[in-house]
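So you can see what is in the structure, the chains are spelled out below.
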Protein chains: 2
Amino acid sequence: MRVAELSTATGVSVPTIKYYLREGLLPQGELTSPNQARYGEDHVRRLRLIRALLDVGGMTIAQLREVIELIETPGQDVNDMLGATQRAITPVPEQEADAESIAAVEALIERRGWATGDRQPSRDALAGVLTRLNQLGFGWFSEVLDSYADAAEMVAKVDLDLTARQRDPDSMVELAVVGTLLGDVMMAALRRMAHESQSSQRFTATP
Amino acid sequence: MRVAELSTATGVSVPTIKYYLREGLLPQGELTSPNQARYGEDHVRRLRLIRALLDVGGMTIAQLREVIELIETPGQDVNDMLGATQRAITPVPEQEADAESIAAVEALIERRGWATGDRQPSRDALAGVLTRLNQLGFGWFSEVLDSYADAAEMVAKVDLDLTARQRDPDSMVELAVVGTLLGDVMMAALRRMAHESQSSQRFTATP
């Protein structure tokens, strides 16, 4: 298809498509004449990915470029690609963590046998939450940490099963962004619905 | 203790304490002379609750008043109290839900046997996420809905066990706010750590 048709198929404007081409985020089309190129399904998929990374993932163009370079590396390591994606969509936590909370996170990782690198921002996020709980006098809340970790492992297994079923790196990364971020919202909503249901069973006064 | 000591014990300034007294959010102390009152542990606990509702829960004073009125209702229904708390800390979802997604949420509730009322904003939040997934071409992602719901039920059970152990309504409501909101952050961090661990097991190229 020509660039105008690619625009219609994806809802991305022609000037924006040309910008992505210049920036190397979208591969060049196949030249059919000095001034015309033909685009295919790969381009449609890549534009979908770019929109998901920007709109859902809130990535900057620089972060997007880093992820796309990993996707395009010949024989790319899928784990590296997913790790870079996760770091790009995970904000650095605001809350400074205290030593006790950092140690509690290390102990959890050890206990669960989780393979997790030093660059994982969620370790800091978790230590930050534990610190905040301590400050609020809710240090004892961390006794639920392993129950939450059990639930997180269940969900992560399902998420990674879906990732393994994707046929190409673009789709894997798109799923990692959309599934991680919208999955958080889904989980939070389901948790509140389950709270309500259990509260009504346990705490409703019998008439 | 006197008002100055209450201020020292809680870190809340005397003018702010007087404002809460005038607004009826904090019960009056026991008068020891026409110009002096004595405050006790109930006041310390209530001030902690007010700070958690404002700082962690992001409640408005009007929402806070509604929750505190329910706490102070003689023979209050704990389920009503927790329900009002949850509604006050759950924002109305931005995303308009389509009919298909609303039906999917209704079917989920039916399937799980969840007791959930019409005023539950998380139903709309969930339908909004499903709609957004459809728009992004990820409608198939909803096949994980029941696995996520299993995990949410597990976590909610642990949360409500903790709630049932609280000795007074102030502490129950404080836990509902802190545990629900910081619990979301905890869950999101643990899910990403579990993602990373499973990704490295499944997708790392063997050297």
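The rules we used
Residues numbered from 1 in each chain as written. Chains lettered and ligands numbered in written order. Predicted model: local features only at pLDDT ≥ 70, side-chain atom pairs only at ≥ 80, totals over all residues. Heavy atoms only, no water. Helix = DSSP H or I, 4+ residues; strand = E, 2+ residues; numbered from the N terminus. Rg over C-alpha atoms; globule rule 2.2 N^0.38 Å. Buried < 20%, exposed > 50% of the residue type's maximum accessible area, 1.4 Å probe, protein only. Contact = heavy atoms within 4.5 Å. Areas by Shrake-Rupley, 256 points an atom, 1.4 Å probe, with all protein chains shown as cover. Lys, Arg positive; Asp, Glu negative; His and termini not counted. Charge placed at Lys NZ, Arg CZ, Asp CG, Glu CD. Buried area = accessible area lost by both parts, 1.4 Å probe. Salt bridge = Lys/Arg side-chain N within 4 Å of Asp/Glu carboxyl O. Expected span 1.5 Å × (residues − 1). Arc of directions from axis to C-beta. Least-squares fit on C-alpha atoms with pLDDT ≥ 70 in both. Phe/Tyr/Trp six-rings, centres within 6.5 Å; stacked < 30°, edge-to-face > 60°. Pairing = 2+ DSSP bridges. Polar contact = N/O pair within 3.5 Å; in protein donor to acceptor, adjacent residues only side chain to side chain.

Draft legend 1. Quick peek at the overall build of chain A. Scanning chain A for helices and strands turns up 9 helices and 2 strands. Taken against the 2.2 N^0.38 rule, which gives 17 Å for 207 residues, the C-alpha radius of gyration of chain A at 22 Å runs more than 25% over that of a compact globule. By principal-axis analysis of the C-alpha atoms, chain A measures approximately 75 × 50 × 30 Å. Buried positions account for 51% of the 207 residues belonging to chain A. Sequence-distant contacts in chain A: of pairs separated by 6 or more residues, those separated by 24 or more amount to 62%. Roughly 9800 Å² of accessible area belongs to chain A as shown, and the carbon and sulfur atoms make up 50% of that amount. Placing the 21 positive and 30 negative side-chain charges of chain A at their respective mean positions leaves the two points 6 Å apart.

Draft legend 2. Representation of the interface of chain A and chain B. With 84 residues of chain A at the interface, the matching set in chain B holds 84 residues. Counting each side, the surface lost to burial between chain A and chain B is near 7700 Å², with a carbon and sulfur contribution of 68%. At the junction of chain A and chain B, the tally comes to 10 salt bridges. Across the salt bridge formed by D159 of chain A and R191 of chain B, the nearest N and O atoms sit 3.1 Å from each other. When residues of the side of chain A that touches chain B are traced back to their parent elements, those giving at least two are α3 (41-56), α5 (78-89), α6 (99-112), α7 (121-135), α8 (145-164) and α9 (169-203) of chain A.

Draft legend 3. Looking closely at helix α4 (residues 61-72) of chain A. Residues and elements named next belong to chain A. Between its first and last C-alpha, α4 extends 16 Å over 12 residues, near the 16 Å set by a 1.5 Å rise per residue. Along α4, the residues that are buried comprise L64, V67, I68 and I71. Projected onto a plane normal to the axis of α4, the buried residues spread over an arc of 100 degrees and lie on a single side. Tucked into the core, α4 has its buried residues touching α3, α5 and α9.

Draft legend 4. Up close: the relation of the copies chain A and chain B. Expressed as a screw operation, the relation of chain A to chain B combines 0.0 Å of axial shift with a rotation of 180 degrees, fitting to an RMSD of 0.0 Å. Such values leave the two copies arranged in the relation of a two-fold axis. Looking at the rotation axis and the C-alpha trace of chain A, the residue lying nearest is A151 of chain A, at 2.4 Å. A shared interface surface links the copies, since 100% of the contact residues of chain A are contact residues in chain B too.

Draft legend 5. Structural view of the pattern of salt bridges. Residue and element names in this part refer to chain A. For the structure on display, the rule yields 36 salt bridges over all chains. Linking R123 and E106 is a salt bridge whose minimum nitrogen-to-oxygen distance equals 2.8 Å. Of the two residues, R123 is situated in helix α7 and E106 in helix α6; the sequence distance between them amounts to 17 residues. Owing to a relative accessible area of 12%, R123 belongs among the buried residues under this scheme. You can call E106 partly exposed: its relative accessible area is 38%.

Draft legend 6. How the structure looks around the packing of aromatic side chains. According to the stated counting rule, one finds 8 aromatic pairs over all chains in the structure shown. Judged by centre distance (6.4 Å) and plane angle (70 degrees), the rings of W140 of chain A and F141 of chain A are edge-to-face. You can call W140 of chain A partly exposed: its relative accessible area is 31%. A relative accessible area of 1% means that F141 of chain A is categorised as buried. An angle of 50 degrees between the planes, with centres 5.8 Å apart, marks the rings of Y19 of chain B and Y20 of chain B as tilted. Judged by relative accessible area, Y19 of chain B falls into the partly exposed class, the value being 29%.

Draft legend 7. Structural view of the pairing of strand β1 (residues 30-33) of chain A. All names here are of chain A. The pairing of β1 with strand β2 (residues 36-38) spans 3 bridges and is antiparallel. Along β2, the bridge assignment pairs E30 with R38. Counting the residues between successive antiparallel strands, the hairpin from β1 to β2 contains 2 residues.

Draft legend 8. Summary view of the side chain of R192 of chain A. For R192 of chain A, the location among the structural elements is in helix α9. You can call R192 of chain A buried: its relative accessible area is 6%. With residues near it in sequence (within four places) discarded, R192 of chain A still touches Q86, T90, Q120, S122, T180, L181 and D184 of chain B.

Draft legend 9. How the structure looks around the environment of R123 of chain B. Sequence separation between R123 of chain B and S199 of chain B is 76 residues; the distance between their C-alpha atoms is 31 Å. For R123 of chain B, the residues in contact, after removing those within four places along its chain, are M193 of chain A together with V105, E106, I109, T116, G117 and D118 of chain B. Within polar-contact distance, the side chain of R123 of chain B engages the backbone oxygen of T116 of chain B at 3.4 Å.

Draft legend 10. Main features of helix α7 (residues 121-135) of chain B. The terminal C-alpha atoms of α7 of chain B lie 21 Å apart, and with 15 residues this matches the ideal 21 Å at 1.5 Å per residue to within 8%. The buried count for α7 of chain B comes to 11 of 15 residues, which makes it a mostly enclosed element. Every buried residue belonging to α7 of chain B is among P121, S122, R123, A125, L126, A127, G128, V129, L130, T131 and L133 of chain B, and all of these are buried. Tucked into the core, α7 of chain B has its buried residues touching α9 of chain A together with α5 (78-89), α6 (99-112) and α8 (145-164) of chain B. Sitting at the head of α7 of chain B, Q120 of chain B places a side-chain oxygen 3.0 Å from the backbone nitrogen of S122 of chain B. Phi turns positive, to about 80 degrees, at G137 of chain B, one or two residues after α7 of chain B.

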